[in-house]
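# Chains, contacts and geometry: an overview
The chain contents come next:
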Amino acid sequence: MKPFSETLFGRCWAKLTRRQEFNLNNAERREEPAVAVEPKPKGDEALPMKHDSDATNGDVGLQIGQNYTMPKQKNLLVRRFYILSWIGSYDREKAVADLIAGITLGMTIIPQSIAYAALAGLSSEYGLYSAFIGSIIYVFFGTIPQVSIGPTSLMALLVLQFCADKPVEFVIVLAFMAGLFEFLMGVFQLGFIVNFIPSPVTKAFTSGTALIVALVQVKTLFGVRIKGIPTPAEFWNNIKVPDAIVGVICLVVLLLLRQLSSVEFKKKTDSTRRIKKLLWYISISRNALVVFTLSFIAYLWIQKSSFEAIPFSLSSKVSSGLPQFKLPPFSFESGNRTYGFLDICSELGSGLGVVPIVAVLANVAIAKAFVKDSQLDASQEMLTLGLCNLAGSFFSAMPTCGAFTRSAVSQASGVRTPMAGIYTGIIVFSALSILTPYFQYIPKSSLSAVLIAAVIFMVDFSPVKTLWKNNKKDFFSWTGCLLVCLIAGVEVGLLYGILLNMIFVLLRLGNPKVEVNLKQCDTVAYVHVKPLSDVYFSGVDSIRTEIRSACILYRYDFPIVLDCSRFMLFDATFIEMLTAVAKEIAEQKQMFILQSLSEKYKSLLPADNSNIHYAMNPLTMDDFLVPEKKANGNGALMA
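Quick notes on the rules
Residues numbered from 1 in each chain as written. Predicted model: local features only at pLDDT ≥ 70, side-chain atom pairs only at ≥ 80, totals over all residues. Heavy atoms only, no water. Helix = DSSP H or I, 4+ residues; strand = E, 2+ residues; numbered from the N terminus. Contact = heavy atoms within 4.5 Å. Pairing = 2+ DSSP bridges. Axes fitted to C-alpha atoms, helices over the stretch in contact; angles between N-to-C directions. Salt bridge = Lys/Arg side-chain N within 4 Å of Asp/Glu carboxyl O. pLDDT = per-residue confidence, 0-100. Core = buried A, V, L, I, M, F, W, Y, C linked by side-chain atoms within 4.5 Å. Buried < 20%, exposed > 50% of the residue type's maximum accessible area, 1.4 Å probe, protein only. 1 Å grid on protein atoms, 1.4 Å probe; cavity = no way out; pocket = protein on both sides within 12 Å on 5 of 7 lines; lining within 4 Å. Points joined across faces, edges and corners; volume = space filled by probe spheres on them. Nonpolar A, V, L, I, M, F, W, Y, C, P; charged D, E, K, R; others polar. Phe/Tyr/Trp six-rings, centres within 6.5 Å; stacked < 30°, edge-to-face > 60°. Arc of directions from axis to C-beta. Expected span 1.5 Å × (residues − 1). Parallel < 35°, antiparallel > 145°, perpendicular 65-115°, else oblique. Left-handed = near helix turned anticlockwise from the far one by under 90°.

## A word on the environment of E584
Its place among the elements puts E584 in helix α22 (residues 572–586). For E584, the contacting residues outside a window of four places in its chain are R544 and R548.

## Some remarks on the sheet that holds strand β7 (residues 560–563)
One open sheet holds the five strands; their spatial order is β5-β6-β7-β8-β9, and the pairing between them is mixed. Edge strands, defined here as strands with exactly one partner in the open sheet, are β5 (514–521) and β9 (612–615). The sheet shows a mean angle of 30 degrees between the axes of neighbouring strands, direction not considered. In the sheet, β5 pairs with strand β6 (residues 524–531) via eight bridges, with the strands oriented antiparallel.

## Details of the pattern of salt bridges
All chains considered together, the criterion is met by 10 salt bridges. Notably, a salt bridge pairs R337 with E347, separated by 3.9 Å at the nearest N-O pair. With a gap of 10 residues between them, R337 in strand β3 (residues 337–339) and E347 in helix α12 (residues 341–348) connect regions that are remote in the sequence. Across the salt bridge formed by E584 and R544, the nearest N and O atoms sit 2.8 Å from each other.

## Examining the confidence of the model for the chain
Looking at the chain as a whole, its pLDDT mean stands at 82, while 85% of the residues score no less than 70. Segment residues 19–60: pLDDT under 50, and 10 contacts once partners within four positions in sequence are set aside and those in other chains are kept. Across residues 629–636, where pLDDT falls below 50, the model places eight contacts with residues more than four positions away in sequence or in other chains.

## Overview of the nonpolar core
Most often, soluble globular proteins keep nonpolar side chains buried together rather than apart. The biggest cluster of nonpolar side chains holds 111 residues, and the ones touching the most others in it are M155, L158, C163, F205, V358 and V428. Ranked by the residues each element gives to this core, the list is headed by helix α13 (residues 351–370), at 11 residues. Ignoring anything within four residues of it in the chain, the contact list for M155 reads V355, V358, A359, P399, T400 and C401. If you look at the next biggest cluster of nonpolar residues, it comprises 26 residues, including V535, A550, V581 and I612.

## Thoughts on empty space enclosed by the protein
Overall, the coordinates contain two cavities of 30 Å³ or more when judged by the stated rule. There is about 200 Å³ of room inside the largest cavity. Classifying every residue of the lining of the largest cavity by side-chain character gives 12 nonpolar, seven polar and no charged. Its volume calculated, the second largest cavity comes out at about 120 Å³.

## Thoughts on the layout of surface pockets
In this model, the largest pocket occupies a volume close to 1700 Å³. Lining of the largest pocket is provided by 45 residues; of these, L119, L160, V216, Q217 and K219 occupy positions nearest its centre. Counting residues per element, the ones that place at least two in the lining of the largest pocket are α3 (92–119), α5 (153–163), α6 (168–187), α7 (199–221), α17 (444–455) and α19 (472–488). Per element, the largest residue contribution to the lining of the largest pocket is seven residues, and it comes from α7.

## Let's talk about the packing of aromatic side chains
Scanning all chains against the criterion turns up 27 aromatic pairs. For the pair F170 and F332, a centre-to-centre distance of 5.7 Å together with 90 degrees between the ring planes defines the contact as edge-to-face. Remark: F332 occurs in strand β2 (residues 332–334) and F170 occurs in helix α6; sequence separation between them is 162 residues. With a relative accessible area of 1%, F170 lands in the buried category. Between W301 and F312 the ring centres are 6.2 Å apart and the planes differ by 90 degrees, which places this aromatic pair in the edge-to-face class. Within this pair, whereas W301 is found in helix α11 (residues 286–304), its partner F312 is found in the loop between α11 and β2, the two being separated by 11 residues in sequence.

## Re α12
Taken as a whole, α12 has its buried residues at I344, C345 and L348. Across the axial projection of α12, the buried residues extend over an arc of 95 degrees, all falling on one side. In this structure, α12 carries L342 and S346 as exposed residues pointing more than 90 degrees from its buried face. In this fold, the buried residues of α12 make contact with α5, α6, β2, β3 and α13. Phi turns positive one or two residues past the end of α12, at G349, with a value near 60 degrees.

## Quick look at α11
Spanning 19 residues, α11 covers 27 Å between terminal C-alpha atoms, matching the ideal 27 Å at 1.5 Å per step. Taken as a whole, α11 has its buried residues at R286, N287, A288, V290, V291, L294, S295, A298 and I302. Residues of α11 that are buried in the fold lie against α3, α9 (241–258), α10 (270–284) and α17.

## Observations regarding the packing of α13 against helix α14 (residues 378–393)
Where α13 meets α14, the axes come as close as 10 Å, and the angle between the chain directions of the two elements is 125 degrees. In terms of their interaxial angle, α13 and α14 are classed as oblique. When the axes of α13 and α14 are compared, the crossing they make is right-handed. Here A359, V360, N363, V364 and A367 of α13 lie close against α14, whose contacting residues are A378, E381, M382 and L385. Within the contact of α13 with α14, the residues separate by chemical class into seven nonpolar, one polar and one charged.

Next comes the structure, spelled out in structure tokens:
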């Protein structure tokens, strides 16, 4: 297939682009006749603008007080099939950059997919199915070039939790249901939901997941085959030395190769730049190099002797061949039992909701980390992730989402567009069609080393000191979420973090901060009650309490001025509170003034309450005059 730039449409597009650039350059070179510029007037007549209307012959068309309108959105088809927004400008330079990034990512995703499938308790091919489908689908619908959709440690951990000791059909149906949930969230524009998950919770959730994955893989790294959590004595007595040697060596080598990308040379020459580039490629491909090298050693060992002669544990045999397109198994038989769709959903339980929500959270968090020049369309990312999982379920894939480590590899590789996923998909496809018979030679401890080396750098304890110093509530959110993740599971930890912050928000809405001061306007002293945060109906009782306390403190001697500029969603609760307060302080012959209350709200208050007065900001002496006296013009103040 010809590159886009060599097709007829591509050549026409390039010619049109060059013609526009040529005309633009000629216009810039064209000399304009000298024009005498009059000095700008001082004061309000001269607005400090970058592009003055005089310099553009009045074409700016600015009007003071004109309402801002959102820019016109792209066509719905372009917004949903996002490839249409960038394929028109795709050229050879971007294609080369994407090819390099795609190959590099392919060398990373293959060993990771095998390892994550093992973490989920599945055969290696299921991880590769997920990597292949996710990479291809994201090309057409994804918005962030760096995002890599495929199996992740987070999804593998959730699959292990909800599908452990169950037939593989449960995993495929879980992928379908998660994809359907995510797709509907995208269709109904529910991307704003992720805004209610605060950053400390996201960071604690990521760190907790990484710690769990690392701790779970320690047993496999040392060849321990005990189910559950062993005691230190049980762990030590069941270590298999050959597995431990292979695992520890792999982990050390992976960590050392990771440092190659940060090697610096004193002299920067062409040779040192080429060497640095080579070291960077070796560092990026470290997972594939370690796994392939050990697999090759195991293969030669077996060819000279036998499988039984290998002292360390190897992966299980993998079914050769490409994934078949078929409907997800909504009904199947296993172990003399027939499972219907409702039976499967009942067995999966809360996983039907937890898996898609966690996947969306992770994917949007990654997209936020890499989006730069454009605004993130969270709903489109949800829709895309849903399509990846829906399509994956038709190819027997496990649930997927974006991966932090692979997205960082894409960024470092210089990816330009989502087209890199095509090349990654081709590499995974080749691995499925050619390399599957050789996956059985991969040592299990090497896969554990790959997982530990990948997730251990996702653990971040740096927020502890900052949050404790700046915001105690965020500190307890982060600490609590991390501890609950480690003790009760990642989904319970995430739920804890969200609920705790919702409680904080509700407490703030119910108890808004209020500032009460005794102020003076000319010769009149008054009590000024000013909310420092937005006030909703849940906070009106707190405002009423503050006013009562102020009246008692100042012995009902001064008028009460309530700043209403922070009143939000003015409703019947506000009306009842203001009416009641006005009647209470009227009995003490105090004046009640509502400052900065919107005109549309004034008509909602009862007109027969003579002790409700209105004023704007700043206050003047006239605001404290009795209305009848003010009309007579004698200027008498209310007692």
